[in-house]
Amino acid sequence: MAKKDPQVLRLKITLEHVEPAPWREIEIRSDKTLPHLHDAIQAAFLWYDMHLWDFGIGDRKYQMKSEDFWVEPMWGPPVMEVTTKKVDFFLKTKVPPAIYTYDFGDDWMHRVELISKRRVVPNEPLPRFVGGQWATPPEDIGGPPMYEAFKEAREDASHPEHDWAKEAGYVDWAHDEIHADVVRERFTKLQTQKRRERNFWME
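Quick notes on the rules
- Residues numbered from 1 in each chain as written.
- Predicted model: local features only at pLDDT ≥ 70, side-chain atom pairs only at ≥ 80, totals over all residues.
- Heavy atoms only, no water.
- Axes fitted to C-alpha atoms, helices over the stretch in contact; angles between N-to-C directions.
- Helix = DSSP H or I, 4+ residues; strand = E, 2+ residues; numbered from the N terminus.
- Parallel < 35°, antiparallel > 145°, perpendicular 65-115°, else oblique.
- Left-handed = near helix turned anticlockwise from the far one by under 90°.
- Contact = heavy atoms within 4.5 Å.
- Salt bridge = Lys/Arg side-chain N within 4 Å of Asp/Glu carboxyl O.
- Buried < 20%, exposed > 50% of the residue type's maximum accessible area, 1.4 Å probe, protein only.
- Expected span 1.5 Å × (residues − 1).
- Phe/Tyr/Trp six-rings, centres within 6.5 Å; stacked < 30°, edge-to-face > 60°.

A. How the structure looks around the packing of helix 1 (residues 34–45) against helix 4 (residues 180–192). Interhelical geometry of helix 1 versus helix 4 gives an angle of 155 degrees and a closest axis separation of 8 Å. Looking at the two axes, helix 1 sits roughly antiparallel to helix 4. Here the hand of the crossing between helix 1 and helix 4 comes out right-handed. Listed contacts from helix 4 to Asp39, Ala40, Gln42, Ala43 and Ala44 of helix 1 are Val183, Arg186, Phe187 and Leu190.

Take a look at the structure:
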């Protein structure tokens, strides 16, 4: 069977259980692996890559299995090795739902959907940030319920937790500001690095 040429996938990533739901669109090559998609999602949402993460695709989970503390789950489907799974599964006729979860505990769940696909243009810089809307929750805020409390307190100077909310978010946090210039800088770094960088969870 002839090997198919890689394509550029345009993906929409939506943060679930938050209203209005922050979303970002990116482009990435289909021959990249799930860790590369993880890097792009981290860049797009301005996460700091400080926590564990995994992908759920259909009825399978994909995680890093090389960690010293890895324990095979006692129930549910077996967990697959994330580093060998390419994102070309989006090219299949029937694409299973893909859920990227970041920070077990806060459990930020991102729904990843294919918007379109196209041919690769020679030498084009990828992955690429396309656009998005609504700010990213602050890191370690406590998950969707605490994020709602944070937004309420942040916007009300008379709220008893207003000082906490001002300190919990970065200085220029605003609900409708995605800091696209910073996101593009992070994507430029991804485009120019020769090999994928490893965070401290992968040392």
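B. Structural view of the environment of Pro97. As for its placement among the helices and strands, Pro97 is situated in the loop between strand 5 (79–81) and strand 6 (98–102). Sequence separation between Pro97 and Ile57 is 40 residues; the distance between their C-alpha atoms is 5.7 Å. Residues contacting Pro97, with those up to four places away along its chain left out, are Gly56, Ile57 and Gly58.

C. Up close: the pattern of salt bridges. What the rule picks out here adds up to 10 salt bridges. Glu27 is the partner of Arg10 in a salt bridge, and the nearest nitrogen-oxygen pair spans 3.2 Å. Linking Arg10 in strand 1 (residues 7–15) with Glu27 in strand 2 (residues 23–29), this pair joins segments that are 17 residues apart in sequence. Take Glu27: its relative accessible area is 3%, and that puts it in the buried class. Residue Asp31 pairs with Arg29 through a salt bridge whose shortest N-O separation is 2.8 Å. You can call Asp31 partly exposed: its relative accessible area is 29%. The network of salt bridges with common partners includes Arg10, Glu25, Glu27, Arg118, Glu124 and Arg128.

D. A look at helix 2 (residues 144–155). In this model, helix 2 (12 residues) spans 17 Å end to end at C-alpha, consistent with the 16 Å of a helix rising 1.5 Å per residue. Buried within helix 2 we find Pro144, Tyr147, Phe150, Lys151, Ala153 and Arg154. Among the structural elements, strand 7 (108–119) and helix 3 (162–168) are those in contact with the buried residues of helix 2.

E. Up close: the packing of aromatic side chains. Counted under the stated rule, the structure contains 12 aromatic pairs. With centroids separated by 6.4 Å and ring planes inclined at 90 degrees, the aromatic side chains of Tyr147 and Trp173 adopt a geometry described as edge-to-face. Residue Tyr147 is found in helix 2, and its partner Trp173 is found in the loop between helix 3 and helix 4; the two are separated by 26 residues along the sequence. Each member of the pair, Tyr147 as well as Trp173, is classed as buried. Taking 6.3 Å as the distance between ring centres and 90 degrees as the angle between the ring planes, the aromatic pair formed by Phe150 and Trp164 counts as edge-to-face. Pair noted here: Phe150 is in helix 2 and Trp164 is in helix 3, with a separation of 14 residues, a long-range link. Judged by relative accessible area, Phe150 falls into the buried class, the value being 0%. What links up through ring pairs into an aromatic cluster is the set Trp47, Tyr102, Trp108, Tyr147, Phe150, Trp164 and Trp173.

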